[in-house]
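# Structural characterization, general
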Amino acid sequence: GLTLILSTHLARSYHHLFPLKNWVEVSWEEAEKAGSVACLACQAPFPPLSVRAARGKGKGKGTATGVIPASETRGVSESGRYACQVCGNHFCIDCDVFCHEVVHNCPGCLSDTRPRQGDQQEVDGDRMEGLETQ
Ligand SMILES: [Zn+2]
Ligand SMILES: [Zn+2]
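All of these numbers come straight from a predicted model, not from anything done at the bench.

## Focus: the packing of aromatic side chains
Each pair of aromatic rings is reported with the distance of its centres and the angle of its planes. Under the defined criterion, the tally for this structure stands at 1 aromatic pair. With a centroid separation of 4.3 Å and an interplanar angle of 20°, the aromatic rings of Trp23 and Phe91 are classed as stacked. Taken as a pair, Trp23 in the loop between α1 (7–17) and β1 (24–25) and Phe91 in strand β3 (residues 90–91) lie far apart in primary sequence, 68 residues in all. Residues Trp23 and Phe91 agree in their burial class; the two are buried.

See the structure below:
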């Protein structure tokens, strides 16, 4: 039989071909540096930096650098923040899942109007292609 192709199917193929890059776990150091206090997308408050200080008390003096073993943080962000590698914004775990599995767009990238290096017009053109009308 015939299969009706809707634009949403094409959009799905587009996302399959060009998936949204995974967001990376944000260390306490980076969180501190960025000073991010809430998710950019949903405004949910992040665990405050004081949480890190409280946890550090139990550990020995050898943790002066504050470096957490990678094995400990694998897959889960200690700071509760997840960063888009493109726009650098911080998001919560809920938005991480939602953006990668449902909307396939980064709210930070879509709302980022700062000019990048290179041709501004070209950037805008690329961006329009990625946008969808739902
Ligand atoms: Zn969020
Ligand atoms: Zn982004």
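## A short note on unusual backbone geometry
Despite not being glycine, Gln43 shows a phi value in the positive range, around 65°. Non-glycine residue His104 carries a positive phi angle of around 55°. Along the chain, the position of His104 falls in the loop between α5 (93–103) and α6 (107–111).

## Quick notes on α5
Of the positions making up α5, those classed as buried are Cys95, Asp96, Cys99 and His100. Burial along α5 is one-sided: seen end-on, the buried residues are contained in an arc of 120°. Counted as exposed and oriented over 90 degrees from the buried face of α5: Asp94, Glu101 and Val102. In this fold, the buried residues of α5 make contact with β2 (82–83), β3 and α6. Following α5 by one or two positions, His104 has its phi on the positive side, about 55°.

## Here's the deal with the coordination of the zinc ion (ligand 1)
Taken together, Cys39 (SG), Cys42 (SG), Cys92 (SG) and Cys95 (SG) make up the protein donors of the zinc ion (ligand 1), found 2.2 to 2.3 Å from the metal. One can describe the site at the zinc ion (ligand 1) as tetrahedral: its 4 donor atoms subtend angles covering 105 to 120° at the metal. Sequence spacing among the residues donating to the zinc ion (ligand 1) works out to C-x2-C-x49-C-x2-C. Taken together, the positions of Cys39 in the loop between α2 (28–34) and α3 (49–56) and Cys92 in the loop between β3 and α5 put the pair 53 residues apart, joining distant regions of the chain.

## A few points about the coordination of the zinc ion (ligand 2)
Each protein donor to the zinc ion (ligand 2) is listed here as Cys84 (SG), Cys87 (SG), Cys106 (SG) and Cys109 (SG); together their distances run 2.2 to 2.4 Å. The site at the zinc ion (ligand 2) holds 4 donor atoms, and with the angles between them running 105 to 115°, its shape is tetrahedral. Here the donor residues of the zinc ion (ligand 2) share one chain and are spaced in sequence as C-x2-C-x18-C-x2-C. By relative accessible area, which is 3% here, Cys106 ends up buried.

## Focus on the nonpolar core
Trp23, Cys39, Phe46, Tyr82, Cys84, Cys87, Phe91, Cys92, Cys95, Cys99, Cys106 and Cys109 together form the largest nonpolar core, which totals 12 residues. Apart from the residues within four sequence positions on either side, Cys92 is in contact with Cys39, Cys42, Phe46, Gly80 and Tyr82.

## Topic: the environment of Asn89
Relative to the elements of secondary structure, Asn89 occurs in the loop between β2 and β3. C-alpha separation for the pair Asn89 and Cys106, spaced 17 residues apart in sequence, amounts to 9.4 Å.

## Some remarks on the sheet that holds β3
With antiparallel pairing, the 3 strands of this open sheet are ordered in space as β1-β2-β3. In this open sheet, the two edge strands, each paired with only one partner strand, are β1 and β3.

Cut-offs applied
Residues numbered from 1 in each chain as written. Chains lettered and ligands numbered in written order. Predicted model: local features only at pLDDT ≥ 70, side-chain atom pairs only at ≥ 80, totals over all residues. Heavy atoms only, no water. Phe/Tyr/Trp six-rings, centres within 6.5 Å; stacked < 30°, edge-to-face > 60°. Helix = DSSP H or I, 4+ residues; strand = E, 2+ residues; numbered from the N terminus. Buried < 20%, exposed > 50% of the residue type's maximum accessible area, 1.4 Å probe, protein only. Arc of directions from axis to C-beta. Contact = heavy atoms within 4.5 Å. Donors = N, O, S within 2.8 Å, 3.2 Å for Na, K, Ca; no water. Tetrahedral: all angles 85-135°; square planar, octahedral: opposite > 155°, others 65-115°. Core = buried A, V, L, I, M, F, W, Y, C linked by side-chain atoms within 4.5 Å. Pairing = 2+ DSSP bridges.

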